[in-house]
Amino acid sequence: MLEVEKLNAFYGSAQALFDVSLQVRGGELVVLQGLNGAGKSTLLKALMGLEVRTEGHILFQASPAQASLLDIQRWESHRRARAGLGYVAEDRRLFVGLTVSENLHVAASRAAAAKAMETRVLDLFPVLKTKLKRPAAHLSGGEQQMLAIARTLMTSPRILLLDEPCEGLAPVLVESIRDTLLALKCDGLALLVAEQNRLFASHADRSLTLVAGKVRDS
Ligand code: ATP
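From a predicted model like this one, the values you see are computed outputs, not experimental measurements.

### Comments concerning the packing of helix 3 (residues 100–107) against helix 6 (residues 141–153)
Move 1: Viewed as axis vectors pointing N to C, helix 3 and helix 6 meet at an angle of 30°, and their least axial separation amounts to 8 Å. Here helix 3 lies roughly parallel to helix 6, going by the angle between them. Every pair of crossing elements has a handedness; the one defined by helix 3 and helix 6 is right-handed. Taken together, the residues of helix 6 that come into contact with helix 3 (itself represented by Val100, Asn103, Leu104 and Ala107) are Leu147, Ala150 and Arg151.
Move 2: For the contact of helix 3 with helix 6, a count of residues per class yields five nonpolar, one polar and one charged.

Here's what the structure looks like:
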């Protein structure tokens, strides 16, 4: 579903990724590991078309019916999101002044389908159901992370790009988020997860380690 070939990424003239190649298929979990500054966040941003300039190929199958992959490397970020890439940033980027429900509806790709989609994502994160009218700012860190993931799911992605989804969260919430993500994987969602700890590693179909912007040979 996603094939990255020899991707280079630059902040101005500073190169942060060097010839990164990887593949994620439908229903697969690929874990991206590496120390601080190795380039994990940069890679997810580069795939999403945010903040960095890129060279190389990002091939994506936007629907199961589509036989050939499209090279989306030059696409604007919003077009990639519409095609089925969902991204949850490390800092979550919630609208903290809006309620849980408003955060979900802002993200809905089609207003007509928003209610049904909201029901589906709230079934995945039941704790949010009881807090729909609460401002996102009043949620705990774990609940905010659930909302960030739920909001991205409202766009019906085919692949989720998650940047350190469990960083700094209590173990019980970590397990809950991990189990929900694994259930989505079973349903065919592709997952590319950056993490420094090894929460997802034992469930991964593949792991990839970045060292100074390059994929380390395993
Ligand atoms: P962390 O877990 O700390 O976020 P990371 O593996 O995600 O680490 P990146 O944040 O992708 O690493 O950083 C990769 C390299 O790019 C680092 O050398 C970093 O200093 C540099 N970098 C990141 N963001 C910027 C930016 N906005 N401008 C310039 N350089 C940046």
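### Observations regarding the packing of aromatic side chains
Move 1: On inspection of all chains with the given rule, the structure shows zero aromatic pairs.
Move 2: Against the face of Trp75 rests Arg79, its NZ or CZ located 3.7 Å from the ring centre.

### Digging into the site of the ligand
Move 1: Around the ligand lies a shell of 13 residues, among which Asn36, Gly37, Lys40, Ser41 and Thr42 are the nearest.
Move 2: For the ligand, an oxygen atom lies 3.4 Å from a polar atom in the backbone of Leu35.
Move 3: In the model, an oxygen atom of the ligand is placed 2.9 Å from a nitrogen or oxygen of the Gly39 main chain.
Move 4: When residues in the shell around the ligand are grouped by element, the largest group, three residues, is from helix 1 (residues 40–48).
Move 5: A breakdown of the residues in the shell around the ligand according to their chemical character gives four nonpolar, six polar and three charged.

### Description of the sheet that holds strand 1 (residues 2–11)
Move 1: The strand order 2-1-4-5 describes an open sheet built from four strands, whose pairing is antiparallel. The sheet terminates laterally at strand 2 (14–24) and strand 5 (70–71), the two strands that pair on one side only.
Move 2: Looking at chain direction, strand 4 (residues 53–60) and strand 5 are connected through two bridges and run antiparallel. Counterpart to Leu59 in the pairing with strand 5 is Asp71.
Move 3: Docked against the sheet, helix 1 engages strand 1, strand 2 and strand 4, running at close to 110° with respect to strand 1.

### As for the pairing of strand 4
Move 1: With seven bridges connecting them, strand 1 and strand 4 associate as antiparallel partners. What sits directly across from Val4, in strand 4, is Ile58.

### Focus: the nonpolar core
Move 1: In terms of nonpolar packing, the biggest core is built from 36 residues, with Leu128, Ile149 and Leu181 touching the most fellow members.
Move 2: At the level of elements, strand 3 (29–33), helix 3, helix 4 (111–124), helix 6, strand 7 (159–163), helix 7 (171–186) and strand 8 (190–194) are the ones that each hand at least two residues to this core.
Move 3: Here the element with the most residues in this core is helix 6; it accounts for six residues.
Move 4: If you look at the next biggest cluster of nonpolar residues, it comprises 33 residues, including Val20, Ala38, Trp75 and Leu208.

### Here we look at the environment of Arg82
Move 1: Within the secondary structure layout, Arg82 lies in helix 2 (residues 77–83).
Move 2: Owing to a relative accessible area of 65%, Arg82 belongs among the exposed residues under this scheme.
Move 3: Note: C-alpha distance between Arg82 and Ala62 (20 residues apart in sequence) is 9.0 Å.

### Here's the deal with the sheet that holds strand 7
Move 1: The strand order 6-7-8-3-9-10 describes an open sheet built from six strands, whose pairing is mixed. Sheet topology places strand 6 (85–88) and strand 10 (214–215) at the edges, where each strand pairs with a single neighbour.
Move 2: Most of the contacts of helix 1 go to strand 7, to which it runs at about 145°, and overall it touches strand 3, strand 6, strand 7, strand 8 and strand 9 (206–211).
Move 3: Relative to the sheet, helix 6 contacts strand 6 and strand 7, its axis offset from that of strand 6 by approximately 165°.

Conventions used here
- Residues numbered from 1 in each chain as written.
- Predicted model: local features only at pLDDT ≥ 70, side-chain atom pairs only at ≥ 80, totals over all residues.
- Heavy atoms only, no water.
- Axes fitted to C-alpha atoms, helices over the stretch in contact; angles between N-to-C directions.
- Helix = DSSP H or I, 4+ residues; strand = E, 2+ residues; numbered from the N terminus.
- Parallel < 35°, antiparallel > 145°, perpendicular 65-115°, else oblique.
- Left-handed = near helix turned anticlockwise from the far one by under 90°.
- Contact = heavy atoms within 4.5 Å.
- Nonpolar A, V, L, I, M, F, W, Y, C, P; charged D, E, K, R; others polar.
- Phe/Tyr/Trp six-rings, centres within 6.5 Å; stacked < 30°, edge-to-face > 60°.
- Lys NZ or Arg CZ within 6 Å of the ring centre and 35° of its normal.
- Near = heavy atom within 4 Å.
- Polar contact = N/O pair within 3.5 Å; in protein donor to acceptor, adjacent residues only side chain to side chain.
- Pairing = 2+ DSSP bridges.
- Core = buried A, V, L, I, M, F, W, Y, C linked by side-chain atoms within 4.5 Å.
- Buried < 20%, exposed > 50% of the residue type's maximum accessible area, 1.4 Å probe, protein only.

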